[in-house]
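Notes for the structure review
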Amino acid sequence: MDYLHEINKLRKAKNAIIMAHYYQTGDIQDIADFVGDSLALAQWGARADAKIIVMCGVHFMGETVKILSPGKKVLVPDMNAGCSLADSCPAEAFAAFIDAHPGHVVVSYVNTTAAVKALTDVVVTSTNARKIIESFPPEEKLIFAPDRNLGNYINSVTGRSMLLWEGSCHVHEQFSLEKIVALKRQYPGAEVIAHPECRQPVLMLADFIGSTAALLRHTVQSSGTQFIVATESGVIHEMKKQSPAKEFIPAPPNDSTCACNECNFMRLNTMEKLYLCLRDEQPEIVVDEAVREKAVRPVLRMLELS
């Protein structure tokens, strides 16, 4: 089957748009109407004149789209596309953690479930986390969840001592410092660029630290021609498209059999599943309205602060 042709027919007939995260495979990125990070996609979806939004990413991203677009049907190609980081912070356990530490403002990374967002005072992204944290008085007591690596990084650059939930992303946790050092010897002129969800030793080695979108923007603007990329390797597809004359080397994980670091959840989405999803209008993301109303507030507060 010519999935590209069939998908194009379906999205036109159904007034649907396709959105893809940077960590999706190249074929899905190329067919998408919008490619970006999770919050940007949710914002684009809210502004789009469409009845159906297909979110090619992971489950929490579909929920974030639904939170901002309650009147639209939100679909995901594979409901099993979860997220190790979001899953590391179950809402019930997080609620108990908050109760055990009264008097704290609760700050949650956007990579969380709708239920966790509903427990949160303000949501942040890796792009705006520093700015939002610095908007609070220095004496303000803060809880930060779920990514301990991002939280440690924000603490280090702001001088804060936020109380951190012990969660992490399995992709960014697994980068091998030794292999990155070896790549640096092999490519001495290459810049090491890293996402702040990486462990501190990797961040200490990095020449540039930023969100997925910031890493992409940096590779376009930098005079450098070689980059060792310490984030999910799917973003290299867009990096190559925007800077075809530059070289991008994926930072490897600890697993000696892998040359690059891929999210197995992101890779669950395929062109066939995208086609079936549009054809059948399933699986659909459903967020309880009471949860959605609570979850949208910290997202809107983030937009106000940033």
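Look up a bit, the structure's there.
Anyway, here's the lowdown on the structure attached to this text. (Residues numbered from 1 in each chain as written. Predicted model: local features only at pLDDT ≥ 70, side-chain atom pairs only at ≥ 80, totals over all residues. Heavy atoms only, no water.)

**Thoughts on the overall build of the protein**
Rules: Only runs of H or I of at least four residues qualify as helices and only runs of E of at least two qualify as strands under DSSP, and these elements are numbered from the N terminus. The reference for a compact globule is 2.2 Å times residues^0.38; the radius of gyration itself is calculated from the C-alpha atoms. We call two residues contacting when some pair of their heavy atoms lies within 4.5 Å. Computed with the Shrake-Rupley method and a 1.4 Å probe, the accessible areas treat only the protein chains shown as cover for residues. Two residue types count as positive, namely Lys and Arg, and two as negative, namely Asp and Glu; His and chain ends fall outside the count. Taken as the charge centre is NZ of Lys, CZ of Arg, CG of Asp or CD of Glu, depending on the residue.
From N to C terminus, the protein includes 16 helices and 12 strands. Here the C-alpha atoms of the protein give a radius of gyration of 19 Å, agreeing with the 19 Å that 2.2 N^0.38 yields for 306 residues. Seen along its three principal axes, the alpha-carbon backbone of the protein occupies a region of about 50 × 50 × 35 Å. Across the protein, the fraction of contacts at a sequence separation of at least 24, relative to all contacts at a separation of at least 6, is 63%. Entry remark: accessible area of the protein is about 12,900 Å², with carbon and sulfur atoms responsible for 51%. Within the protein, one finds 30 positive and 36 negative side-chain charges whose respective centroids are separated by 4 Å.

**Quick look at the packing of helix H1 (residues 3-13) against helix H15 (residues 271-280)**
As a reminder, the rule being used: Here, axes are lines fitted to C-alpha atoms. For helices the fit covers the stretch in contact, and angles between N-to-C directions go from 0 to 180 degrees. In what follows, roughly perpendicular refers to angles from 65 to 115 degrees, roughly parallel to angles under 35, roughly antiparallel to angles over 145, and oblique to any angle outside these ranges. Crossing handedness: left-handed means the near helix sits turned counterclockwise from the far one by under a right angle, and right-handed means the same turn made clockwise. Lys, Arg, Asp and Glu make up the charged group, whereas Ala, Val, Leu, Ile, Met, Phe, Trp, Tyr, Cys and Pro make up the nonpolar group; the residues left over, Gly among them, are polar.
Packing of H1 against H15 leaves a shortest axis separation of 10 Å and a crossing angle of 25 degrees. Taken together, H1 and H15 sit at an angle that is classed as roughly parallel. The hand of the H1/H15 crossing is left-handed. Across the interface between the two elements, Tyr3, Leu4, Glu6, Ile7, Leu10 and Arg11 from H1 touch Met271, Glu272, Leu274, Tyr275, Leu278 and Arg279 from H15. Looking at the contact of H1 with H15, its residues break down into eight nonpolar, no polar and four charged.

**Here's the deal with helix H14 (residues 235-242)**
Quick note on the threshold: Here's how the labels work: a residue is buried when its accessible area is under 20% of the maximum for its type, exposed when over 50%, partly exposed in between, all with a 1.4 Å probe on protein chains only. Note that the arc is computed from the directions linking the helix axis to the C-beta atoms.
Listing the buried residues of H14 in full gives Val235, Ile236, Glu238 and Met239. Viewed end-on, H14 has its buried residues packed into an arc of 160 degrees, placing them on one side of the element. Turning to H14, the residues buried within the fold contact helix H2 (26-31), strand E9 (191-194), helix H13 (212-221), strand E11 (226-230) and strand E12 (247-250).

**Focus on the state of the cysteines**
Quick reminder of the rule: To count as a disulfide, a pair of cysteine sulfur atoms needs to be within 2.5 Å.
The final tally for this structure, using the stated rule, is zero disulfides. Sulfur of cysteine 89: no disulfide; nearest cysteine sulfur belongs to cysteine 83 and is 11 Å away. With a relative accessible area of 1%, cysteine 89 lands in the buried category. The cysteine cysteine 263 is free of any disulfide, with cysteine 169 supplying the nearest cysteine sulfur at 6.6 Å.

**Overview of the sheet that holds strand E5 (residues 105-109)**
Inclusion rule: At least two bridges found by DSSP between two strands is the condition for calling them paired.
Taken in spatial order, the four strands make up an open sheet running E6-E5-E7-E8, and their pairing is parallel. The open sheet has two edge strands, strand E6 (122-124) and strand E8 (163-164), and neither has a second partner. The sheet contact formed by strand E7 (residues 142-145) and E8 spans two bridges and is parallel. Residue pairing for E8: isoleucine 143 is matched across the bridge by leucine 163.

**Notes on the nonpolar core**
Going by this rule: Only buried residues count toward a nonpolar core. Its members are Ala, Val, Leu, Ile, Met, Phe, Trp, Tyr and Cys residues joined through side-chain atoms within 4.5 Å.
Residues Val54, Val107 and Met239 are the most contacted members of the largest nonpolar core, which totals 80 residues. Discounting residues that sit within four places of it in the chain, methionine 239 has contacts with Ile193, Leu215, Leu216, Thr219, Val229 and Phe248.

**A look at the side chain of asparagine 111**
Counting through the fold element by element, asparagine 111 comes out in the loop between E5 and helix H7 (114-117). Ignoring any residue separated from it by four or fewer positions in sequence, one finds asparagine 111 in contact with Ser38, Phe60, Leu85, Ala86, Pro146 and Glu197.

**Here's the deal with the sheet that holds E11**
With respect to topology, four strands assemble into an open sheet ordered E10-E9-E11-E12, the strand pairing being parallel. The open sheet has two edge strands with one neighbour each: strand E10 (208-209) and E12. Inspection of the sheet shows E11 paired to E12 by four bridges, in the parallel sense. Residue pairing across strands places isoleucine 228 opposite isoleucine 249, the latter belonging to E12. Sitting on the sheet, H13 is in contact with E9, E10, E11 and E12, with an inclination near 155 degrees to E9.

**Some points on the environment of isoleucine 31**
Summarising the element assignment, isoleucine 31 is placed in helix H2. Note: C-alpha distance between isoleucine 31 and valine 229 (198 residues apart in sequence) is 24 Å. Excluding residues that lie within four positions of it along the chain, isoleucine 31 makes contacts with Leu4, Ile7, Asn8, Arg11, Met271 and Leu274.

**Overview of unusual backbone geometry**
Of note, the bond from alanine 145 into proline 146 is cis; its omega dihedral lies within 30 degrees of zero at -5 degrees. For proline 146, the position within the fold is in the loop between E7 and helix H9 (148-158). Here the residue pair glutamine 282 and proline 283 is connected by a cis peptide bond, since its omega of -5 degrees sits within 30 degrees of zero. Within the secondary structure, proline 283 sits in the loop between H15 and helix H16 (289-305). Look at asparagine 15: it is not a glycine, yet its phi comes out positive at around 50 degrees.

All quantities given are derived from atomic positions and should not be read as evidence of function.
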